[in-house]
Amino acid sequence: MTAKGVGARLPRKEDRRFLKGQGEYVANLRLAGMLDVAFVRSPMAHARIRAIAKPRGREAEVFSAADLLGVRPIRAVSGLKGFKASDQPVLATGKVRQVGELVAMCVAPTRAAAEDLADLVELDLEELPAVVDMIEARTRPAALVHEEWGDNVFLESLADDDLSGIRRDAAVTVRRTIRTARQHMSPLEGRGVICEWNRRLDQLVMHSATQMPHINRAGLADCLGIDQGSIRVIAPDVGGGFGYKGILLPEEVCLAWLCRKLGRPVRWIEDRREQLSANANCREHHYDITVYADARGRLLGIDCEATVDSGAYSSYPFSACLEGAQVSSILPGPYKMERFRCRTWSVATNKAPILPYRGVARTGVCFALEVAIDAVARALKMEPHEVRLANLVQPGEMPYLNITKKHFDGGDYPEAVRRAARMIDVAAVRARQKRAETDGRRIGVGFAIYCEQAAHGTSVYFGWGIPMVPGHEQCAARLSPDGGLELRIGAHSHGQGMETTMAQVAHSVLGIDPENVRLVHGDTGLTPYSTGTWGSRSMVMSGGAVAAACDEIAGRVKAIAAKLLEVAAQDLVLENGHVRVAGTDRKLALAEIAHVWYRKPQLLPADVDPAGLEATAGYKAKVDTGTFSYACHAATVAVDTETGHVEILDYVVVEDGGKLINPMIVDGQVFGGTAQGIGTALYEEMPFDAQGQPLATTLADYLLPGATEVPAIRIDHIETVSPHTRFGQKGIGEGGAIAPPAAIANAVNDALAPLGVEITESPLTPRRIAEAVMKARA
Amino acid sequence: MKAAPFDYARPRDVGEAVKLLAGAGEGGKPMAGSQSLGPMLNLRLVQPALIVDLRGIEELRATSETTDAVVFGACVTHADIEDARVPDPARGLMREVASNIAYRAVRNRGTIGGSLSHADPAADWPSALALLGATVILEGPGGRREVPAEKFVTGVFETVLRTGEVLVGVRVPKVSRRARTGYWKFCRKPGEFPQAIGGVLDDPERGTVRAVIGATRGPPHVLGDARALLSRPGDAALLALADAAALADDAYDRQLHAVALRRALERLPA
C-alpha cells in the first residue's frame, strides 16, 4: 500500500470541480441555436389514442408518432424461454400504457414556451381499465397491457425442487406475504439530452446523462436506422445514476430524430415533476415465501412465489426480466440449505418500465428472506443473529457453490455477523429492552446479511437472457510527450470517483503520480467499447483493463529506458514517475523517456516496438461469475408506537469488498447506499390509485432521506482478497443499498414483538406501524 | 415545471397593491416570499394573469409594539421571528413555532402574512395564531377591516379574503408573564408538512385557557375554553375531541391529532 496507489485514501481529483459547483452536466451545455423540448405526456395510465390535435398555426412545432417516419420502436428482447416480446414506441402509438408516456414533442426557444405550447395540444383518449396491482394483473386482469400477449406476464420462471421431505421434517415452518413498494431512484441530477447534427462529420452528436454511452449509441442506431459510425454519444459529468440512467430513452430517440429534421441542436432536461410522475420504476416486488427450519434453527429449505412489477415496457438494454431472473437465482443469499424452489413472474402493468436500481433484486430478496429468518428466530426463541450464524456458508467451505450454483469466491460471512453483533452491542439492547423507556418508545435491534455478485460477465448475462452481454473490457493508454498518462475507458463515472481510482491503479503499475494521470471516459468517439457502468463492475473490469494497459506501457517504457541506461529491462523498476536501475540511483523520468520517443527517435533501440507509447489492452475477471462481496448490517431503532415514527439510534456495517482500491471512496459508497436503503426502509413509496395515477408526484409527498434521517453509520472492514481479480478487489458499489430495509424492519419487528406486531411491507411508514399496533391491541 | 406567462407588478404602497388586485379580479395574485406560490406557479396549479409583489411595500415589513400587543407587518418573515429580530408577544412560543417551519431556506423568505393567506391546513401560523387569539388586519377596496385569526381561515386553502383584499398585518396580544404554552406537531421528517398539530395556551392572569387542533381537513379547530384539558384527560377524551374537531379520515389520523394535543399539554412547563 502506498500513499497514492491501490489502497490509498486519496482525496478525489474530481471533487475539485464538484465541490465548487463547477462540474459540467448536460444542463450546463450551451449550444448555438439550441431549442428546448417539452413533451406532452399521457395523463392516463391506459387508454386508446383517438386523436392528437396540434394547436392551429403551430403544427410545425409539434410532433407525434405519425411524424417520426422511419423511426423504429425500442425493443429489448430477453433470450429467456417464454419471454414475451413487445415494442416500445418512442412516441405513443395506438395506446398509452402509463401515466407520463410520451405522446408528442413540442419545441420552442425556451422550456417555458415549449410547456406553453404543450398545454395547447389536445389529446382525445378513450380510457381503458388500468392494470395496477401486479397480482391482479396476472390472476384477474382488468385489461391487457399488450393485447397480443393474451395475458400480462412478460415471463414466468420456475426453479423446481422436491420439498416433500423438508415439509415433513421441519420443526418450524414460517410463511409470509411480503411486499416492497414501487420507488423512484432520485439521482440529484435527472435525465438530460442534447442532440445536434454535426455537418462537418456528418454525425449525430448526443450529449446525455447516461451510464452506458456505447449502448445508447447502439440502441439509437437501431431505432433511427443509421449506422453506428454516424452516432457519437457523450456523457459529460453525470450527477448520479444508480441505474436510472442505464437505459435508451424514448426522449433520446425523439431528440435525435428532431435535431436532424430541424437542423438545429435540441435539448430536453427532465424536471423533478416529470421524474416523479412518469418514472417511478423500481423495487416493487411481492413474495409469498415459506422457510422451513429444524428445531436448532438450521434452514432446511425455502419455497417462494415471487412477482416483480415490471411496468409497461421492456426497457433497453436490461429488459423487463433482469430482476425477475435474478430473484430465483439469488434468493438463498449467503446461506446453506437443502432444498430451494422458486417461481417468479415478471408482470406487465400500466407503470413505468422497470429499471435495475442499485442492488437490483437483491434488496427485495434480502428483505423477504431476512424478515422471514427473524420470524424463524422468534418462533424458536433464538437470537436472530445466532440463527444466521447457524446457516451461513463457513469460511472453511470457500470457495462454495451454493444451491443455485452461485460460485462464492471467498469470505468469512459469520465473522461479519459476529462483528456486527459486537458493534451494535446486542446484549446492551436486550438489557435496555427490559427497562421501559421514559418516553414510552420501544427499542429493537435487527440484522441483515447478504452477499453480492458483481462484475459478473458473459456467461451470467447470457444465461439471464439479457440482450446486452458484457465481454472483455478495454483500456487505451498513452504517454504524452511530456510524460503524462492518458487513460481511455468505456465505463463512465456518475459518482464512483474513477478519475481518482483509475489513476491510483496506474500509479501502482507505472509509479506515475496520479496528478499526472488523466482519465478520458464517457465519449464513444474517444473510448473503447464498453457496456458501461452498472452492476458494480467498473473497478474490477475497467480497473483490470487499466492495469493491463499500464503493464503494456511499462514494458514499452522499460525497453526504451534499457537502451538509454544501457541495462537489461528486467533490472529496471518504475517508481515516483521514474525508471530506475535497481540498486542504484541511476534513473530517468517518464517524461524523459517520452521525449525520446516523440522528439528524438534516433536514440531509440533498433527493435523498439513501433506501437510506441500507446497501448490498448483488454481484461476480464478470471471467472465469469465475478466476485462476491458481502456485508452484515445491524440497526438499533426506537419506535414511537402511537405515531409509528421510527428513529434509527445506531447503524453499523461490517463489509468485505476484498482489496479496496480507495477505502475512502468505498466508505462513501457504503454511506450513500445505506442512505438510499434507509429511504427504501422508511420513507420512499410511489403509491398508485385504481386508475394508475401516481400519487406522490412532488417531493412533498415522495419523501427522500436527508441529513436528519441518516444517522452516523459506523463501518468496519474485512478484507478477503478475491482470487479472480487483478488486485483482489470486488465490486462494492451497490451493497449499501441492499441490507437496510431488512435490518431496519427486523429491528422494528424486534421492538414490537412483545405487542404481537410484525411488519412485512416496506416502507415501514408511521401509518403502517401505528395501524399494526392499533390492530394488535384491538 | 416552468410557470405559465404572467404580468408582474411591484407596488410601493398598500393602496396601489389593492387597486392592482381589485382591477385584476380573479386573475390577480399577491406574492410575498413565494414559498408556496412559487411551486404552485411552476407546477401550473395556478396561472394568474398578474402577480402583485408585496415586498416593495415598506409598511408591510414593519413591526410595531404596544403594551398589549405586537403588530407584525404581513411581510415579516419566519426567520425574522426565529432570529428575534422582532418581539415575541408569546414569550418564546412564536420563536419556537417559527424555527420549526419547513427549512431555514424557506424561512428566509416565507412570510407570516403569506402563510395565513395561503391557509394550507398543514401550515403552522394559522393554528398558532388562532391559539394566541390574534387578529388579522385586511385592506381592500372597501377599506380596512379586522378579523379574528380563528375566523380568518374557513377551509382548506380558503379564507375570508375578498377579491382585491390583501392581508397587511396581524396583531398578536401579549401573553402574561406567568403564561405557559405547549406546541407539538407530527412530521414524517423534520421540515416536512405536519400531519397533526396540537397547541395549548394557559394564561391565568388573563383568565385564558385555549387549545388548538391543527393540520386537519378543515380550518384549525380552536377550543376557546380548554380548562378541562389542564387536568390531563385520558386518551378517550382526547380522541373524542380529535374526532369532533379534526374531520379526520381514519383511526390513525384521529390518533395522531389526539397524540399531538396530549404532547402539547405535556410540554407545558410544570
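Quick caveat, the model's predicted, so the values are computed rather than measured.

Colleague: Explain the overall build of chain A residue by residue, including any values.
Modeller: Helix and strand content of chain A: 19 helices and 29 strands. Relative to the compact-globule value of 28 Å for 778 residues, chain A shows a C-alpha radius of gyration of 27 Å, a close match. Along the first, second and third principal axes, the C-alpha atoms of chain A reach 90 × 75 × 50 Å. Burial analysis of chain A (778 residues in total) assigns 64% to the buried set. A fraction of 79% describes how many contacts in chain A between residues 6 or more apart in sequence connect residues 24 or more apart. Carbon and sulfur atoms provide 50% of the accessible area of chain A, an area that totals close to 27,200 Å². Side chains of chain A carry 87 positive and 94 negative charges; the gap between the two charge centres is 2 Å.

Colleague: Go over the interface of chain B and chain A, please, and point to the residues and values.
Modeller: Tallying the contact residues gives 24 residues for chain B and 30 residues for chain A. Taking both partners together, chain B and chain A bury about 2,200 Å²; carbon and sulfur atoms supply 53% of that area. Looking at the side of chain B facing chain A, the largest losses of area belong to Met1(B), Arg188(B) and Tyr252(B), adding up to 33% of the total buried there. Measuring nitrogen to oxygen at the nearest pair gives 2.7 Å for the salt bridge that ties Asp250(B) to Arg767(A). Connecting chain B to chain A are 14 residue pairs in polar contact (both at pLDDT 80 or more). Counting only elements with at least two residues in the side of chain B that touches chain A, the list comes to strand E11 (180–186) and helix H11 (251–266) of chain B.

Colleague: How would you sum up unusual backbone geometry? Please name residues and give values.
Modeller: Backbone torsion omega between Tyr316(A) and Pro317(A) reads 10 degrees, so that peptide bond is classified as cis. Note on placement: Pro317(A) falls in the loop between strand E14 (299–309) and helix H8 (322–330). For the bond running from Met398(A) to Pro399(A), omega is -5 degrees, close enough to zero to count as cis. Mapped onto the secondary structure, Pro399(A) falls in the loop between helix H10 (384–391) and strand E16 (400–401). If you check the backbone angles, Ser34(B) has positive phi at about 60 degrees while not being a glycine.

Colleague: Can you break down the pattern of salt bridges residue by residue, with the values?
Modeller: Tallied over the entire structure, the rule returns 94 salt bridges over all chains. Taking the shortest distance from any N to any O, the salt bridge between Arg343(A) and Glu156(A) comes out at 2.9 Å. Of this pair, Arg343(A) sits in strand E15 (residues 339–347) while Glu156(A) sits in strand E7 (residues 153–159), and the two are 187 residues apart along the sequence. Between Glu65(B) and Lys174(B) there is a salt bridge, with its nearest N and O atoms 2.8 Å apart. In this pair, Glu65(B) sits in strand E4 (residues 63–65) while Lys174(B) sits in the loop between strand E10 (166–173) and E11, placing the two residues 109 residues apart along the sequence. Here Glu65(B) falls in the partly exposed class, since its relative accessible area comes to 48%. Taking relative accessible area as the criterion, Lys174(B) reaches 23% and is therefore assigned partly exposed. Sharing partners across several salt bridges, the network here consists of Arg41(A), Arg111(A), Glu115(A), Asp116(A), Asp119(A), Glu251(A), Asp271(A), Glu274(A) and Arg44(B).

Colleague: Residue-level account of the sheet that holds strand E12 (residues 196–203) of chain B, with values.
Modeller: All names here are of chain B. The sheet built from four strands is open, its strands ordered E11-E12-E13-E14 with antiparallel pairing. The outermost strands of the open sheet, each flanked by one partner alone, are E11 and strand E14 (221–223). Pairwise comparison of adjacent strand axes, ignoring direction, gives a mean angle of 10 degrees for this sheet. For E11 and E12, the ladder comprises seven bridges, and the chain directions are antiparallel. Following the sheet pairing, Gly 182 is matched in E12 by Val 200. With respect to the sheet, helix H8 (residues 124–131) is in contact with E11, E12, strand E13 (208–214) and E14, its orientation differing from that of E13 by roughly 160 degrees.

Colleague: Which residues make up the environment of Gly191(B), and what are the values?
Modeller: Residues and elements named next belong to chain B. On the secondary structure map, Gly 191 appears in the loop between E11 and E12. Distance from Gly 191 to Phe 157, taken between C-alpha atoms, is 20 Å for residues 34 residues apart in sequence. Not counting residues up to four positions away in its chain, the partners in contact with Gly 191 are Ala 102 and Tyr 103.

Colleague: Give a description of the packing of helix H9 (residues 361–380) of chain A against helix H18 (residues 740–752) of chain A that names residues and reports values.
Modeller: All names here are of chain A. The geometry of H9 relative to H18 is characterised by a closest axis approach of 8 Å and an angle of 30 degrees between their N-to-C directions. Regarding the angle of H9 to H18, the classification is roughly parallel. Judged by the sense of rotation from one axis to the other, the crossing of H9 with H18 is right-handed. Taken together, the residues of H18 that come into contact with H9 (itself represented by Thr 363, Cys 366, Phe 367, Glu 370, Val 371, Asp 374 and Arg 378) are Pro 741, Ala 742, Ala 745, Asn 746, Asn 749 and Asp 750. Of the residues assigned to the contact of H9 with H18, the class counts are six nonpolar, three polar and four charged.

Cut-off values and rules
- Residues numbered from 1 in each chain as written.
- Chains lettered and ligands numbered in written order.
- Predicted model: local features only at pLDDT ≥ 70, side-chain atom pairs only at ≥ 80, totals over all residues.
- Heavy atoms only, no water.
- Helix = DSSP H or I, 4+ residues; strand = E, 2+ residues; numbered from the N terminus.
- Rg over C-alpha atoms; globule rule 2.2 N^0.38 Å.
- Buried < 20%, exposed > 50% of the residue type's maximum accessible area, 1.4 Å probe, protein only.
- Contact = heavy atoms within 4.5 Å.
- Areas by Shrake-Rupley, 256 points an atom, 1.4 Å probe, with all protein chains shown as cover.
- Lys, Arg positive; Asp, Glu negative; His and termini not counted.
- Charge placed at Lys NZ, Arg CZ, Asp CG, Glu CD.
- Buried area = accessible area lost by both parts, 1.4 Å probe.
- Salt bridge = Lys/Arg side-chain N within 4 Å of Asp/Glu carboxyl O.
- Polar contact = N/O pair within 3.5 Å; in protein donor to acceptor, adjacent residues only side chain to side chain.
- Pairing = 2+ DSSP bridges.
- Axes fitted to C-alpha atoms, helices over the stretch in contact; angles between N-to-C directions.
- Parallel < 35°, antiparallel > 145°, perpendicular 65-115°, else oblique.
- Left-handed = near helix turned anticlockwise from the far one by under 90°.
- Nonpolar A, V, L, I, M, F, W, Y, C, P; charged D, E, K, R; others polar.

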